[in-house]
Structures are given as structure tokens and as C-alpha cells.
Amino acid sequence: MFEKLSYLALQEYWWFLIALLGALFVFMTFVQGGQTLLNKVAKSEDEKDIVIASLGRKWELTFTSLVMFGGALFAAFPLFYATSFGGAYYVWMAILFCFIIQAVSYEYRKKPDNFLGQKTFEIFLFINGSLGIILIGAAVGTLFTGGNFILSDMNLSSWTLSSRGLEAVLNPFNVILGLVVFFLARVQASLYFLNNINHEGIINNTRRVLRNDAILFLAFFILFCILLLTLSGVAYDGNAFVVVKYKFLLNFLASPILLGIFLVGALLVIYALFISLFKKSQQGIWFSGVGTVLVVLALFSLLGFNNTAIYPSLSDLQSSLDIRNAAASRYTLVAMSYVSLLVPFVLGYIIIVWRKMDQKQITSDEIQSDSHHY
Amino acid sequence: MDNSLLVDLSRSQFALTAMYHWLFVPLTLGLSFIIAFMETIYVKTGNPEWKKITKFWMTLFGINFAIGLATGIIMEFEFGTNWSNYSWIVGDIFGAPLAIEGIMAFFMESTFFAVMFFGWNKVSKKAHLLSTWLVAIGSNLSALWILVANGWMQYPTGMKFNVDTARFEMESFFDVLFNPVAVSKFLHTVSSGYVMGSLFVIGISSWYLLKKRDTVFAKRSIIVAASFGLLASIFLISTGDESAHQVALKQPTKLAAMEGLYDGSKRQGIVAIGQLTSGKEIGDNKDDFVWSVQIPYALSFLGFRNIDAFVPGMDDLVLGNKKMNIEPASDMLAKGKIALKSLRDYKNAQKVNDAEKSQASLKTFRMYEKYLGYGYLKNPVDIIPPVGLTFYSFHIMVGLGTWFLILFFFMLYYSMIGKIEDKRLFQKLALWSIPLGYLAGEVGWIVAEVGRQPWAIQGMLPTQVATSHLTSNSVAVTLVLFAVLFTGLLIAEIKIMLSQIKLGFKGA
């Protein structure tokens, strides 16, 4: 089946899967957003336990999505993986540290004799949800704005700045994307709490927090859109990589489908905010979840489409990477494509389990009666 | 440019994260199945005490699982951050198992983990049991794919070198998946996890017996774990034998280092125990050992399934052995340099569109291609891994593996005849065997990975070429941060674990 596809079609298929994984990861970052809201929406220890329980049953899925995103990039676009991770070393290491400290925090936070104390683990969760997410947003921003690397004629990469990727946070586009993802994560966390928790105090606090975060999210999102549409990109013109003004605007115009997906996604997120804030709806998370997936899918797809570079080089334009020169071999992409047929099955059992586990909202009674809780 | 400090620091960082990670993975592999057995008994019998037993071990499992995830995420991304040349040169092959691990195993683990811990009152008994089994299967599937990747590093198959992209590319997915080294490595590694899980359960349970508390729960746990441990130990030894057989066939330098063997021979004996001669060098004719106890013929037989087989020693492998048709390493290094030069010539000719020269260079390259990795080595002795570390690690691992078999046998025997409560010596031995289980696992990985040196990919890609273009200072900083963070988390994990154990079964 996949053998019949052209090499380029396979590369596009795999970039689409990367985009989908990236989109699902961004949706799942409501866990991180929730971690930054812990002290805002929960005012007592009991309330904190409810919020932690609500997030704690999902955090591993977010973690797994991130690992899967990295694994898929490694397998399908190894030159991108090698260049970005080996080059922007400090940024990726900082992100990894933010995720290491998350992984133990739910389980250890309230266990007796936990050595570092409950407060430390809550700070870990906050760092993961704030710095970790902003840095991921900034790192993804470099796919649009570029990195300081060069490739040798053996395709071995080296970074040209000693700041090793930290310079990404000096670029306003990257920082604003980081903030968009951060506030989106917080907004989605609030929508998730409204849907998942049955506790009057938490719900009232959540609605208050959501109002402020929604305003900040929309402000940064609009700013990001303006910057994106005016941003220059890099494209391969058949002979060489060249800089193209308004590249992402042109990509949208060249693909009305992508533009449509982006707009529908954005409208769904806005609709979710509207019904949650003004109609007291509990279902906002589903609209915003689908919307987030569509928006992120469209944004990632913009990079892999229309001969666009997925990772422009700021040090040597001809070292830039696109889905053609960064991809795994045709054989590997075909083999991996067969494996990708498992994705709907995996998504299917996740949805079934999610629905079963979240049939009833979390209450204070449930937490207190459960012998195993975070 | 001499990048030896960078390579050493990068290796240290990877070794540190891998060794920390391996403190938690074997327990996950083994304990997940033991919990599944216990919950199956609960569902079959309906006896609530088995539910308590299951939930108690599940709590300890959760504490261990969390830190396993924390240390595991680093491993995947470190291939990119610290071994970026590796990630490009072999990413076409190596990345695939990692991605499949994510799709097949990680999602299964993380999805059903939530049901296993929080679904007792949300799903039916059978659905819960299924979730527990799926967590166990998911954990072991994860091990399968990572060991397929590791097995390929030990014995690269199913690929070709693409001169245009200057990397290795996959030719046969099934050759990579069914690589004999990967298969034996997977079976050996997961069975070591089952042994570790069983040691953990009988050790902790023995502590309760020594303290004379929760004795009914402890005795039931011992029966399940000792049965599983005994079967797993037998399997571990047989897969270890197959693993060593594969090493003999595919990694002769590693086998020679594991056995401290310099001067190879037919009908070669195996060293059961011994002390290596310090300062011994290739071809110096000093005795290999200060003292040793050998089992005659055993290495020839176990390594090659033939009592008359010739087992090459390190002298043979470095200096060559014409009689046995073993090429001197110096010749392989020289041919490797020709391969490297012809590859460079090919790339240069391509740049200037010199078709004639590129064809000639390509032809030369193809002749010497299999020596490519040797071209990066400086001295013939570089093909030998660190002997002392490999030898002692291997012998500690084998000795401990044998001890665990004996321990499980007696623990099960005394449990079956109802005398386990009286056997305080065995209870103490079981308790103190917990750290020995961890030690066995760690030294096992030292044999596998240190014994593979100087190669990142056996015979193809030396470690020194695989690293990222980083400064040694950058890696030193992250190495220290990892060491501090992981040590802090390990202390937290141990203290929490001990505290939960002190609470006992009744709180479960």
C-alpha cells in the first residue's frame, strides 16, 4: 500500500503525523497549564488534592505524547532531530529538566518522608507548567525563525553560537509563541477543570482565573498571527534555499484548506471560551480541544508544505532543512507508515478509557475514600 | 581535533542516566507481572486479602514507576542532544524502534496505568484486571523495542551505507527486528527484570517475617514471587547462555574481555573465578591471571557449541592469527582509512561533477566499505574494550545469577512445606539479596555496553565519531546537574519506599 506512494508523498505523510502528534501534545498541555493554576484555583489542602487528582490521571498521556513526538521526529526526520537537539543543546536540556521534575511530583508530593517536601514538588509542577511550556513554544518557534547551524558535506551538523539555542528566547516571535502556548495551556486547564471537577469553590475560582487568562491568550494569539503572516520564511526553489517574504501568508493563500482548518480551529477555541465564560457551559474543553488540534495541525503543516524549510539555517542558508533533505530513507518511511496504522487503534482505546474514567466528575468524597491518591 | 574529553563526558552522562534508569526499569518489568498474578488470584478467588496484597505492591510499583519515567525520557532525547552524529548516521534504522516503542508500548502503559491505580471503583473487576495485565505487557513491549535498538548496535544487520547521504539506511525491517542478538538480549534482559521483581517481593516480605508482622500477607507474596522468580531464574540462565553464544559469534573482542582471554586456543576453558594480572598488555606473554579456577573446555563449548572450537583471545584479535585466518587489526585500520579517503574523494568528485573520478572512488569505497569504522581508530589495540571492568562485571553477574536461582528454590521449597516462617537465615538472605539484584542488573549492562567499546555500532561507528559537536564544558555542566538531580530524586524515592513498606499491608 505505502510502497506505491512517492518518496515526497511519504515525507508529507510523515510530516502530517508529526504535526498531528504535536497538535495532540499541545492539547494535552492543559495538564501543565493546570499545574500553574494550582494555588489560584485551590485554596485549601482538600481542594489542592482534588485538582492534583484531576490532572494526575492525565499527566502521563501528556508526557507520552512528548516522548512520542520526539521518537517520531527521530525516526522520520533524523537530520532535523540530530541538528536541533545536538545544536540547541541548552534549550532542549532545560526542557528535559523541566519534565524530569514533573514525572515524580504527582506521586511523591504527599507521600510520607518524601525528603524534599510537598512545597518543593509543587514548585516542580509550576516550573514544568510555566518554564517548560514557554521553552517548548520558543523551541518550536525556531522551526519558523531558524537556528544557528551549519551542515558539513557529510551532513554532520554544528552550532555556530556558544549560547547553544538559548538565543531562541531573544527572538520576539519565539517568545510570543511560547506565551501563546503557555496561556492556551492555562485556558484549557480551566476548561478541563470545569468539565472534570465537581466542587463549587474550585469551579468559582476557575471561572475567575479563566476570564483573565482568556484575555491574555487572545491578545498574544492575535499578536502571534500578525507576526506569522508578516514573517519571512525560507523555501527551496529547485536549486537552492532562498528567503521568501511573507512566506507563511503565501502558504496560507496557496492552500485554502490549511487556512480553513486554521480558522475553524481558532473559532472553536473562541467559541469554547465564550460558552464557558458567558453560558456557564462545562463542555468548553471539547470545543477548545478540537480547535487546538486543528490550529496546531495547520501551523505545523504550513512548514512542511509548499517547499518551505522546516528548519532554516541562520548561519548558512543552504544548510537549511526541509522535509526532503531531513527525512529518513524511503524504505524506513514505508516501514514506519505501516506501523502508523496503529495510531487510530491507540487513539481509540485512549478515548474509551478516558470516557470510562471521567464518566463522573471528581468530588472531594471520592478523593478521601480512595486508598491510592496523589 | 582530540575530542576525547568530550567523548568521555558524553559517555559518562549517558552511563549515569542509563544506570539510574536501570535502577527502576527491572522492578517495573518484574513487579508488573507479579501484581497481575496477584490480582488474577483475587479475581478468581474473590478473597479480599488478595486485593489488599495486590494494592500494597501496586503502591510500591507506582513509586518506582514514576522515577523510571523521569529517568527514561532523558535516554531518548540524549541520542539527539549528546550523540547527534550518531542520530544522523544511523537514525534511519535506530529511530524506528524508538518510535514504535512510543506507539505500541508507552501509550498502552500510560493509558492503563491510570485505570490500574484509580479505576478500582470506576470499572468492572475484569476490566481492571485487564488494565493491570496491559500495563505489564506494555512495559515489556517497551523493553522489546529498546532492546531491538540496542541489539542492532551490538550486531548491525539489515542495512546498507548510502554514500550520497553518508549514512547507514535500513534495508530490511525484519532483519533488524529478528536480529539474533536482539532476540536473546530481549529475553535475557526482561527475565533479569522478572528476577529483580521477585527478589524485591520476597526480600520485603521476608522483612515482615523477620519483624513478625503481616505474616499471612508476606507468606502469600513469597509463594507467588518465589515461583515466578524460580522460573525466571532458569530462563535467565538459559537466555544468558544464548546471549553469550551470540557474543562469541558476533563480538569476539567482547567475549575475550569478558573472559580475560589473551592467548586463544582450541578446547578453551572458562574462568569460573580469577584475578587478572595487572598491567598486562597485548602480546607481552605475561600470564593472563594471578590465579584462577577454570572449567576445562567450557568456553569452547558454551561459546561455539563445539568442544574443539577455537576461541580467539585479545592477542589473536589485535595481532592477527594466520593459522586461524584472523586478520591483524592494523590491516583493518589501514583498509578503513582507504574506505574513508575514497568516500571523501567520491564526495569531492561529486561536487565538481567529475563522473569518472566519482565512479573510481565509489568502486574503491565499496571494496573497503566493511572496514569503514576502523578508519577512525588510531591504534590496533583500540579495538579492545576495557578488560578489567568487563571481566569482573561479567563474573559478578554470573555469580549473582546463580545465587538467585538457589535462593528462589529454597524460598519456594520452605514456603511449600510451610516452614518459611522458621527460616530466619533465608529471610535475612532474601532481604539482603535485594541490593544484589540491582547490582547484578547494573553490572550486566556494564558488560553489554563497556564490552562494546570502542564502538557505538559494533565494527561500524566508533563512539568518538558518534558524539555531538559540543564543548566539553557544556556536557560537564549537564552531567553535574543530572547527577545532583537524579541523586536527590533517588534519595526521595528510597525514603518514600521505606516509609510505605513500614506502613505495611493493612493500610493498602
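Residues numbered from 1 in each chain as written. Chains lettered and ligands numbered in written order. Predicted model: local features only at pLDDT ≥ 70, side-chain atom pairs only at ≥ 80, totals over all residues. Heavy atoms only, no water.

Draft legend 1. Just the overall build of chain A, in detail. From N to C terminus, chain A includes 15 helices and six strands. What you see for chain A is a C-alpha radius of gyration of 21 Å, in line with the 21 Å of a compact globule of 374 residues. If you line up chain A on its principal axes, its C-alpha atoms span 65 × 45 × 45 Å. Buried positions account for 63% of the 374 residues belonging to chain A. Sequence-distant contacts in chain A: of pairs separated by 6 or more residues, those separated by 24 or more amount to 78%. (Helix = DSSP H or I, 4+ residues; strand = E, 2+ residues; numbered from the N terminus. Rg over C-alpha atoms; globule rule 2.2 N^0.38 Å. Buried < 20%, exposed > 50% of the residue type's maximum accessible area, 1.4 Å probe, protein only. Contact = heavy atoms within 4.5 Å.)

Draft legend 2. Geometry of the nonpolar core. Counting 274 residues, the largest nonpolar core has W15(A), F77(A), I100(A), W57(B), I73(B), Y86(B) and F94(B) as the members making the most contacts within it. If sequence neighbours within four positions are ignored, Y86(B) has contacts with F79(B), G91(B), F94(B), M153(B), A456(B), I457(B), L461(B) and A466(B). Core analysis: the next-biggest nonpolar cluster, separate from the first, contains 21 residues, L276(B), I326(B), L333(B) and I384(B) among them. (Core = buried A, V, L, I, M, F, W, Y, C linked by side-chain atoms within 4.5 Å.)

Draft legend 3. Layout of the side chain of S276(A). Topologically, S276(A) is positioned in helix α11 (residues 256-278). Ignoring sequence-local partners within four residues, the contact set of S276(A) consists of L191(A), L194(A), R207(A), L210(A), S281(A) and G284(A).

Draft legend 4. Up close: the pattern of salt bridges. Counting across every chain of the model gives 26 salt bridges over all chains. Linked by salt bridges that have partners in common, E45(A), K48(A), D49(A), R109(A), K110(A) and E122(A) make up one network. (Salt bridge = Lys/Arg side-chain N within 4 Å of Asp/Glu carboxyl O.)

Draft legend 5. Just the interface of chain B and chain A, in detail. Between chain B and chain A, the residue contacts involve 81 residues of the former and 71 residues of the latter. A combined buried area of about 7000 Å² lies between chain B and chain A, and 73% of that area is made up of carbon and sulfur atoms. The tally of links from chain B across to chain A stands at three salt bridges. Note that D153(A) and R344(B) form a salt bridge whose closest N and O atoms lie 3.2 Å from each other. Run the count over chain B and chain A and you get 20 residue pairs in polar contact (both at pLDDT 80 or more). Breaking the side of chain B that touches chain A down by element, the ones donating at least two residues are α2 (48-81), α3 (84-89), α4 (91-118), β2 (167-170), α12 (329-351) and α17 (472-503) of chain B. Per-element tally for the side of chain B that touches chain A: the top contributor is α4(B), with 22 residues. Partitioning the side of chain B that touches chain A into residue classes produces 43 nonpolar, 25 polar and 13 charged. (Buried area = accessible area lost by both parts, 1.4 Å probe. Polar contact = N/O pair within 3.5 Å; in protein donor to acceptor, adjacent residues only side chain to side chain. Nonpolar A, V, L, I, M, F, W, Y, C, P; charged D, E, K, R; others polar.)

Draft legend 6. Representation of unusual backbone geometry within the structure. A cis geometry characterises the amide bond from Q453(B) onward to P454(B), with omega recorded as 10 degrees. Positionally, P454(B) belongs in the loop between α15 (424-450) and β7 (455-457). Its identity is not glycine, yet N306(A) carries a phi of approximately 65 degrees, on the positive side. With respect to the secondary-structure elements, N306(A) resides in the loop between α12 (284-304) and β5 (309-311). For N306(A), a relative accessible area of 30% corresponds to the partly exposed category. A positive phi is found at R267(B), a non-glycine position, where the angle reads about 50 degrees. Position of R267(B) among the secondary structure elements: in the loop between β3 (265-266) and β4 (270-276). You can call R267(B) partly exposed: its relative accessible area is 47%.

Draft legend 7. Region of the structure containing the packing of helix α2 (residues 30-41) of chain A against helix α7 (residues 118-145) of chain A. Residue and element names in this part refer to chain A. Axis separation between α2 and α7 bottoms out at 8 Å; the angle between their running directions is 130 degrees. Classed by the angle they form, the pair α2 and α7 counts as oblique. Regarding α2 and α7, the two cross each other, and that crossing is left-handed. Between α2, through Q32, Q35, T36 and L38, and α7, the contact on the second element is made entirely by E122, L125, F126, N128, G129, S130 and I133. Residues that form the contact of α2 with α7 fall into these classes: four nonpolar, six polar and one charged. (Axes fitted to C-alpha atoms, helices over the stretch in contact; angles between N-to-C directions. Parallel < 35°, antiparallel > 145°, perpendicular 65-115°, else oblique. Left-handed = near helix turned anticlockwise from the far one by under 90°.)

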